[in-house]
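Secondary and tertiary structure notes
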Amino acid sequence: MPLPEPDSTADVDPEPDPEPEIELPELNQSTEPLLAELEEREQNVRPLRSEHLVRDMVIFVHNLSDGEVIRESAGVSSPDARFTTQEVDNQLYIDERSFARYDELVDWFVSLDSEVVVNLYEAYQPLFEQAFTEIAHPDETFQVQIQDAIDVLLATPEPEGLLALSDDSVMYTFADPDLESLPAAQKQMLRLGLENQRKVKRKLREIRARLEELN
């Protein structure tokens, strides 16, 4: 008596349902839906402060790629605590306690799920590119700008020890001319403190790796 043919469908995991496509809003009405998508994926959006999130992100990243920092477009509030200095042997330095001003913001940034962030960026990419065409050349893409901006931040040096300052009566500058000549974006990274800077860089490398998978 012949044996029955084995069931070819037995013990085969079903294909997962594809993630439903997001119906994109108009660019001018995109902030609330984007924040809702982030919250639905259990991402903390409380620090975000922008009525035009996509446009602000595009402006902020575009300037970061040139080494500039446009705080009005950062989309998050600046630290409340004041910047402080200390003097050692007649030399002015950044007070290392000042770095703690950025702890909460850095901890929020590194807590974001890189996969969720990049997947939502991919879904909303047409809106990001639309906003980007308003401020840039048509032969460029916003995704390249993101990668360029990340590279600028990753190139920030990591000096050990106290950071010496000069006080020119208008604002504090780095006493080391090599540090003072850095782009504004990299000088801001220095002001985070070495530990926070390294946290941010780890997260940026993670995000950049996931962005490269979209190419």
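Below, the structure is looked at part by part. (Residues numbered from 1 in each chain as written. Predicted model: local features only at pLDDT ≥ 70, side-chain atom pairs only at ≥ 80, totals over all residues. Heavy atoms only, no water.)

Packing of helix α5 (residues 142-154) against helix α8 (residues 194-212) leaves a shortest axis separation of 10 Å and a crossing angle of 155°. With respect to α8, the element α5 is oriented roughly antiparallel. Here the hand of the crossing between α5 and α8 comes out left-handed. Taking contact as the criterion, the partners of Gln143, Ile146, Gln147, Ile150, Asp151, Leu153 and Leu154 in α5 are, on α8, Lys201, Leu204, Arg205, Ile207, Arg208, Leu211 and Glu212. (Axes fitted to C-alpha atoms, helices over the stretch in contact; angles between N-to-C directions. Helix = DSSP H or I, 4+ residues; strand = E, 2+ residues; numbered from the N terminus. Parallel < 35°, antiparallel > 145°, perpendicular 65-115°, else oblique. Left-handed = near helix turned anticlockwise from the far one by under 90°. Contact = heavy atoms within 4.5 Å.)

Tallied over the entire structure, the rule returns 11 salt bridges. In this structure, Glu160 and Arg198 form a salt bridge, with 3.3 Å as the shortest nitrogen-oxygen distance. Here the residue Glu160 occupies a position in the loop between α5 and β3 (164-167), and Arg198 occupies one in helix α8, the gap between them amounting to 38 residues. Each of Glu158, Glu160, Arg198 and Lys201 takes part in a single network of salt bridges with overlapping partners. (Salt bridge = Lys/Arg side-chain N within 4 Å of Asp/Glu carboxyl O.)

On to the nonpolar core. What tends to happen in soluble globular proteins is that the nonpolar side chains get buried as a cluster. With 36 residues, the main nonpolar core has Val54, Val58, Phe128, Phe142, Ile146 and Leu211 as its most contacted residues. Setting aside anything within four residues of it in sequence, one finds Phe142 in contact with Met57, Val58, Val61, Tyr121, Phe128, Glu129 and Phe132. Counting residues in hydrophobic clusters, the runner-up holds nine residues, among them Phe99, Leu163, Phe174 and Leu190. (Core = buried A, V, L, I, M, F, W, Y, C linked by side-chain atoms within 4.5 Å. Buried < 20%, exposed > 50% of the residue type's maximum accessible area, 1.4 Å probe, protein only.)

Here we take up the layout of surface pockets. A volume near 310 Å³ is recorded for the second largest pocket. In terms of lining residues, the second largest pocket is bounded by 14 residues, among which Pro47, Ser77, Ser78, Glu104 and Leu105 are the most central. Residues belonging to the lining of the second largest pocket are distributed by class as follows: six nonpolar, three polar and five charged. (1 Å grid on protein atoms, 1.4 Å probe; cavity = no way out; pocket = protein on both sides within 12 Å on 5 of 7 lines; lining within 4 Å. Points joined across faces, edges and corners; volume = space filled by probe spheres on them. Nonpolar A, V, L, I, M, F, W, Y, C, P; charged D, E, K, R; others polar.)

Time to look at the pairing of strand β1 (residues 85-88). Consecutive side chains along a regular strand alternate between the two faces of the sheet. For β1 and strand β2 (residues 91-94), the ladder comprises four bridges, and the chain directions are antiparallel. When the bridges of β2 are listed, Glu87 appears paired with Leu92. Counted along the chain from β1 to the antiparallel partner β2, the turn is two residues long, and its residue Asp89 has a positive phi close to 50°. (Pairing = 2+ DSSP bridges.)

Bringing the sheet that holds strand β4 (residues 172-174) into the picture now. If you walk across this open sheet you meet the four strands as β1-β2-β3-β4, and the pairing is antiparallel. In this open sheet, the two edge strands, each paired with only one partner strand, are β1 and β4. Strand-to-strand twist in this sheet, taken as the mean axis angle between neighbours without regard to direction, amounts to 50°.

The pairing of β2 with β3 spans two bridges and is classified as antiparallel. Each bridged residue has a counterpart across the sheet, and for Leu92 the counterpart in β3 is Leu165.

Counted by the stated rule, this structure contains one cavity of 30 Å³ or more. Estimates place the volume of the largest cavity at around 30 Å³. Per element, the largest residue contribution to the lining of the largest cavity is three residues, and it comes from helix α2 (residues 53-64). Of the residues that constitute the lining of the largest cavity, the class distribution is three nonpolar, four polar and two charged.

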